[in-house]
Amino acid sequence: MRNDNLSAPQAIYRKDYVAPGFWVDTVEMGLDLGLEQTHVATRMTLRRNPESTEKDIVLFGDGLKILQLRLNGANLKKSQYSIQGETMRIPDAPDDVVLEIETLIQPVKNTALSGLYASAGNLITQCEAEGFRRITWFPDRPDVMAKYTVLLRADKKAFPVLLSNGNLIEEGDLGDGRHYAKWEDPFFKPSYLFAIVAGKLVCQEETFRLQDGRDALLQVWVEPGNLDKTDHAMQSLKKSIRWDEERFGLELDLDRFMIVATGDFNMGAMENKGLNIFNTKYVLANPSIATDTDYAGIESVVGHEYFHNWTGNRVTCRDWFQLSLKEGLTVFRDQEFSADLVGTATGRAVKRIEDVRVLRQVQFSEDAGPMAHPVRPDSFVEINNFYTVTIYEKGSEVVRMYYTLLGHDGFRKGMDLYFARHDGQAVECDDFRAAMADAGGRDLTQFERWYSQAGTPRVHASAVYNAEEKTYVLTLAQSCPATPGQAEKLPFHIPVTVGLLGADGRDLPLHTDGAQAGQTSVVLELTEASQTFIFRDVAEEPVPSLLRNFSAPVVLHFDYSDAQLAHLLAHDSDPFNRWEAGQRLATRRLVKLTQAVQAGEALALDEMFLEALRNTLNDTTLDPAFRELVLTLPSELVIAEEFDEVDPQAIHTARQFARAAISDALRGDLLTAYEDNLTPGKYSPDAESSAKRSLKNLALSYLADWPQQSTFDLALTQFNEAENMTDRLAALHALVNFKGDAKQKKAADKALAQFYKLFSKEALVVDKWFMLQAVAETTDVAKVRELMQHPAFTLNNPNRARSLTFSFCNANPSQFHAPDGSGYALWAELVIALNKINPQVAARLARSMDRWKKYSPALQQKMKAALEKVAGTKKLSKDVAEVVTKALAAE
Ligand code: B3K
Ligand code: ZN
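Residues numbered from 1 in each chain as written. Chains lettered and ligands numbered in written order. Predicted model: local features only at pLDDT ≥ 70, side-chain atom pairs only at ≥ 80, totals over all residues. Heavy atoms only, no water.

As annotated in an unreviewed UniProt entry, the protein chain is Aminopeptidase N from Undibacterium luofuense. Checking UniProt for the protein chain, the heading Catalytic activity (unreviewed entry) contains the comment "Release of an N-terminal amino acid, Xaa-|-Yaa- from a peptide, amide or arylamide. Xaa is preferably Ala, but may be most amino acids including Pro (slow action). When a terminal hydrophobic residue is followed by a prolyl residue, the two may be released as an intact Xaa-Pro dipeptide." Its UniProt record gives the protein chain the following Cofactor (unreviewed entry) comment, quoted word for word: "Zn(2+)". (UniProt positions renumbered as here; feature names shortened; annotations may be inferred.)

Structure (structure tokens):
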């Protein structure tokens, strides 16, 4: 875990993969559970793998006290094995081995929240990626799949509930106030899917009839007091099970499926076989504490973890370089699940736009920075640093491209073939690609480059219309910027979905290779550096709608005029590109405004743009959620990507100016939108009412950007009268960011204090309270430091740490990048403090400095100093060391 020699964090390479020397068939574990101390006895049967070049038994362990080590019944002497770092080697073992190991661990001291740890007096595990080795010595690698039986013993009062993977086969009393439970998982699984939970928990449970007629017991376990917040998670679980049956023909393979919520968790959730463990953030909801976004997040994460049961658990990864095999595919599946649940075409588009926004904002930036890596990386120092937006979100885009290339039915055939071939195996990304290629009868050899080449490809489109010949000739050229360790890139296989719009805004019929009669969208396959596509019988000069539905994760350039973009925004039959046209119009203006701010020139927003926004806002035939997306300006981070040298304050000033100008020009329209989209009555998180709230609250936030007493009153009334968290939080946001007078400021502070008082017992709401302040325009470094002194703040809890400090460093750029470097100094202190507590969380925060080379020389110098300060810290975890070393190596 620790790495004192920063100059050379040890990387491991994909090319060095060697199959395990021994397979493990069965694992029996007995755990005597205690917070201070847990005793772990493991008995495993191993069998030599004759196909491996590895001859030793190789086990991994981290921070374990060994009490006993026996091989085939005899104690192993110190001379019979060696331990180096986390690796134990036992040479000269017979072909069939029974290993018995006893270890002692201390859950309360485990602040890294990996392995077995304590949370609110309960015991919880997190084993992915390499946490199992913090419980016992084991061949802790995903290609070693075994059957587990787990016996849990504990004090009845302290740990009335004892859970593990699979089925409960026995439970009973041990006397002395102790009891036991025995669990058996009938499926072979890798150690990273092992889980136990013990403690004071209560559950909501339900029997659910599966499509094949079996009944499954579904349970959602929470701390007492939270039982009234489990309904939405349970509903989401049932929808997930049904959806996987219907869409992919995949059944739940267990009689029992459990979800457990914990407030101390490094990430969102974990797909342990039959015993999913979740961050409370993705389980607990009721209208007064959770927003529409929270409700949607719960549905999608519950789905995601459930879908892993097939894509991840039944078919798992050969090694961690293949992580996207399960993550990219499962993200694609959860995105489709959410889209299918909404059902409507615009509903799907709204979901698509939201997903692409995340991709562009975070993944494109990762792909352009020092941590850029392919979807299937070739090396890493710390695997936990590779649970990235590239593996997850870009990985999902790669899966979506198969879907685009093969079509709905073709993709399903590919999935069926993948499971037919690989159920019960640990495989590679190439195996998934082969299943898709074979099922679809397609050559997908070149498609492999999406897995091996990092960086975001650029596609330059240009077109010539020949009025006499009625041809439209579209040329697509691709390139990809260099990334660390990868200077040269070869052409990708890029599906580019294209349509052509006539002057009346309607789609023109397409006559081109591959297009059927009547088709108005066609998937062009760009495989060369440059390719030309000819459309015939094109009656008039069209406006091209390119990369419809964002058919590939690329940056597309086309020299659109403003008029063409306005035309697309008003008419494109592809809702994604309609939105995209609006974003292009906005980005153009925000870049110009930023330059004007820098040059000290007067700022203005043109009527044409305002008119386009006004028309969209007032078009009540459009889904309110879609209008909200069009009216939302590109974020400061997205605007920053347009510049070689980023000026965060100028971008902020420019964007704020644009917001105020829109507020001023569209005032009446915004008020109407506000009034028209009220959702009186009982709260429901359904798509229709949450869409209305999103537009209404966007209108409110715009209105508040052109400060008037009436708007302040509107926000205050909404805050006081809100019957759900979505409206209350949006109102508080408007109040806190209101550029008002002293009296209004006082009233806003009062609301903030009231909010805290009202919800001080709800950890997830207190997180929101910190976050709202972290991203407020006026929150500077000093204010963050003040908030860090608040009694409710702690770095020990990942959600709390993220709510204030991560939000500030990542989502308040104009304050974080204060010219005096105070934000960077704070960042360094935080990373160093977190490094001692929780390396995974520390390494995430360390990523805030990734793009330091994009700032002015003066800022760069200060950022470099902060990075060096962290890099020079003693006992730096390899998690943090990898991130800062790579950042410092950036050119
Ligand atoms: N597979 C887990 C992530 C584990 C992260 C380990 N550092 C959650 C998920 O992707 O579903
Ligand atoms: Zn996942």
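Read on, since the account is not over.
Glancing now at the sheet that holds strand β7 (residues 82-84). Taken together, three strands build an open sheet; the order of strands is β4-β8-β7 and the sheet is antiparallel. The outermost strands of the open sheet, each flanked by one partner alone, are β4 (57-60) and β7. Taking the axes of each pair of neighbouring strands and ignoring which way they run, one obtains an average angle of 20° across the sheet. Two strands pair when backbone bridges link them, and β4 and strand β8 (residues 87-90) are joined in this way by four bridges, in the antiparallel orientation. Paired with V58 across the strands is R89, a residue of β8. (Pairing = 2+ DSSP bridges. Helix = DSSP H or I, 4+ residues; strand = E, 2+ residues; numbered from the N terminus. Axes fitted to C-alpha atoms, helices over the stretch in contact; angles between N-to-C directions.)

Further remarks concern the site of ligand 1. The full set close to ligand 1 counts 15 residues, and E128, E271, E305, N384 and Y392 are the nearest of them. Separating a nitrogen atom of ligand 1 from a side-chain N or O atom of E271 is a distance of 2.8 Å. Contacts to ligand 1 include Y392, whose side-chain N or O atom sits 2.4 Å from an oxygen atom. Those elements giving two or more residues to the shell around ligand 1 turn out to be β21 (269-270), α2 (292-307) and α3 (323-342). The residue makeup of the shell around ligand 1, split by class, is six nonpolar, four polar and five charged. (Near = heavy atom within 4 Å. Polar contact = N/O pair within 3.5 Å; in protein donor to acceptor, adjacent residues only side chain to side chain. Nonpolar A, V, L, I, M, F, W, Y, C, P; charged D, E, K, R; others polar.)

On to the side chain of D62. Of note, D62 is situated in the loop between β4 and β5 (65-71). Among the polar contacts listed, one links the side chain of D62 to the side chain of R134, at a separation of 3.2 Å.

Turning to the packing of helix α16 (residues 709-721) against helix α17 (residues 725-736), a few remarks are in order. Relative to each other, α16 and α17 sit at 145°, their axes nearing to 8 Å. In this structure, α16 crosses over α17, and the sense of that crossing is left-handed. Each of F712, A715, L716, Q718 and F719 in α16 lies in contact with α17, whose residues at this interface are D727, R728, A730, A731, L732, A734 and L735. (Left-handed = near helix turned anticlockwise from the far one by under 90°. Contact = heavy atoms within 4.5 Å.)

Next up on the list: the UniProt feature "domain: Peptidase M1 membrane alanine aminopeptidase" (unreviewed entry) in the protein chain. Within the UniProt annotation, "domain: Peptidase M1 membrane alanine aminopeptidase" (unreviewed entry) is assigned to residues 233-450. Secondary structure content for residues 233-450 is 56% helix and 9% strand, while the C-alpha to C-alpha distance between its ends is 35 Å.

In this section: the pattern of salt bridges. For the structure on display, the rule yields 75 salt bridges. A salt bridge links R242 to E245; the shortest N-O distance between them is 2.5 Å. Within this pair, R242 and its partner E245 are both found in helix α1 (residues 231-248), separated by three residues, close to a single helical turn. Given a relative accessible area of 3%, E245 falls into the buried group. In the salt-bridge network here, residues are joined through shared partners; they are R247, E336, D340, R348 and R400. (Salt bridge = Lys/Arg side-chain N within 4 Å of Asp/Glu carboxyl O. Buried < 20%, exposed > 50% of the residue type's maximum accessible area, 1.4 Å probe, protein only.)

With that out of the way, let us pick up the coordination of the zinc ion (ligand 2). Looking at the metal site, the zinc ion (ligand 2) is ligated by H304 (NE2), H308 (NE2) and E327 (OE), spaced 1.9 to 2.0 Å from it. Sequence spacing of the donor residues for the zinc ion (ligand 2), all on one chain, is H-x3-H-x18-E. Highlighted residues: H304 in helix α2 and E327 in helix α3, separated in sequence by 23 residues. For the residue pair H304 and E327, the accessibility class agrees, reading buried in each case. (Donors = N, O, S within 2.8 Å, 3.2 Å for Na, K, Ca; no water.)

The next thing to look at is the UniProt feature "domain: Peptidase M1 alanyl aminopeptidase C-terminal" (unreviewed entry) in the protein chain. Mapped onto the present numbering, the UniProt feature "domain: Peptidase M1 alanyl aminopeptidase C-terminal" (unreviewed entry) falls on residues 562-889. The span residues 562-889 carries 72% helix and 0% strand; its end-to-end C-alpha distance comes to 41 Å.

So, on to unusual backbone geometry. Residue A129 is reached from E128 by a cis peptide bond, and omega for that bond is 0°. Mapped onto the elements of the fold, A129 is located in the loop between β11 (122-126) and β12 (145-155). For D92, which is not glycine, the phi dihedral falls at a positive 55°. Tracing the backbone shows D92 in the loop between β8 and β9 (96-105). Phi at D537 is positive, roughly 55°, even though this residue is not glycine. Within the secondary structure, D537 is located in the loop between β30 (530-535) and β31 (543-546).

A word on the packing of aromatic side chains. One pass over the structure, following the stated rule, counts 37 aromatic pairs. Aromatic side chains Y192 and W320 sit 4.9 Å apart centroid to centroid with 65° between the ring planes, which places their arrangement in the edge-to-face category. Of this pair, Y192 sits in the loop between β16 (189-190) and β17 (196-199) while W320 sits in the loop between β23 (316-317) and α3, placing them 128 residues apart in sequence. The burial state of Y192 is the same as that of W320; both residues are buried. An angle of 40° between the planes, with centres 5.9 Å apart, marks the rings of F380 and F386 as tilted. (Phe/Tyr/Trp six-rings, centres within 6.5 Å; stacked < 30°, edge-to-face > 60°.)

Below, the discussion takes up helix α21 (residues 798-811). For α21, built from 14 residues, the straight-helix expectation of 20 Å at 1.5 Å per residue is missed by more than 12%, its first-to-last C-alpha distance being only 17 Å. The buried fraction of α21 is high, at eleven of 14 residues. When we look at burial in α21, the residues that qualify are P798, N799, R800, A801, S803, L804, T805, F806, S807, F808 and C809. Looking at the buried side of α21, the elements it contacts are β22 (275-279), α19 (763-774), α20 (781-788), α22 (813-816), α23 (822-837) and α24 (839-846). With a side-chain oxygen lying 3.2 Å from the backbone nitrogen of N799, the N-terminal cap of α21 falls on N797. (Expected span 1.5 Å × (residues − 1).)

Right, let's get into the domain arrangement of the protein chain. Reports often express the size of an interface as the amount of accessible area lost when the parts come together. Splitting the protein chain by domain gives domain 1 (318-452), domain 2 (458-552) and domain 3 (760-891). Taken over C-alpha atoms, the centre of domain 2 sits 43 Å from the centre of domain 3. (Domains from an automatic or database assignment.)

Inspection of the secondary structure puts D264 in the loop between β20 (256-262) and β21. The buried charged residue D264 lacks any salt bridge partner; its closest oppositely charged side chain belongs to R802, at an N-O distance of 9.2 Å. Engagement of the side chain of D264 in a polar contact is seen with the side chain of N797, the distance being 3.0 Å. (Lys, Arg positive; Asp, Glu negative; His and termini not counted.)

So, on to the sheet that holds strand β10 (residues 115-119). Judged by pairing direction, the sheet is antiparallel, and its four strands sit side by side in the order β10-β11-β17-β13 without closing on themselves. Looking at the sheet topology across the chains shown, the edges are occupied by β10 and β13 (161-164). The sheet shows a mean angle of 15° between the axes of neighbouring strands, taken without regard to direction. Alignment of β10 against β11, held across five bridges, turns out to be antiparallel. Residue pairing across strands places A118 opposite L123, the latter belonging to β11.

If you look at the biggest cluster of nonpolar residues, it comprises 209 residues, and the most contacted ones within it are F411, F432, F535 and W827. Beyond its immediate chain neighbours, meaning those up to four positions away, F411 contacts F248, L329, F332, V399, Y402, Y403, L406 and M436. Residues I101, Y117, I277 and Y392 belong to the second largest nonpolar core, which totals 72 residues. (Core = buried A, V, L, I, M, F, W, Y, C linked by side-chain atoms within 4.5 Å.)

Attention now goes to the pairing of strand β15 (residues 178-184). Sheet topology note: the β12/β15 ladder contains seven bridges and is antiparallel. Directly across from R153, in β15, lies its bridge partner Y180. Pairing of strand β14 (residues 167-175) with β15 involves seven bridges; the strand directions are antiparallel. Its bridge partner being in β15, G175 is matched across the sheet by R178. Hairpin geometry of β14 and β15 is characterised by an intervening segment of two residues between the two adjacent antiparallel strands and by a positive phi of about 60° at D176.

Glancing now at the packing of α21 against α24. Geometrically, a packed helix pair is captured by the angle between its two axes and the distance between the axes. Between α21 and α24, the shortest axis-to-axis distance is 11 Å and the interhelical angle comes to 15°. On the basis of their axis angle, the class for α21 and α24 is roughly parallel. Pair α21 / α24 crosses with right-handed handedness. Facing P798, T805, F806 and C809 of α21, the residues of α24 in contact are V841, R844 and L845. Among the residues forming the contact of α21 with α24, the class breakdown is five nonpolar, one polar and one charged. (Parallel < 35°, antiparallel > 145°, perpendicular 65-115°, else oblique.)

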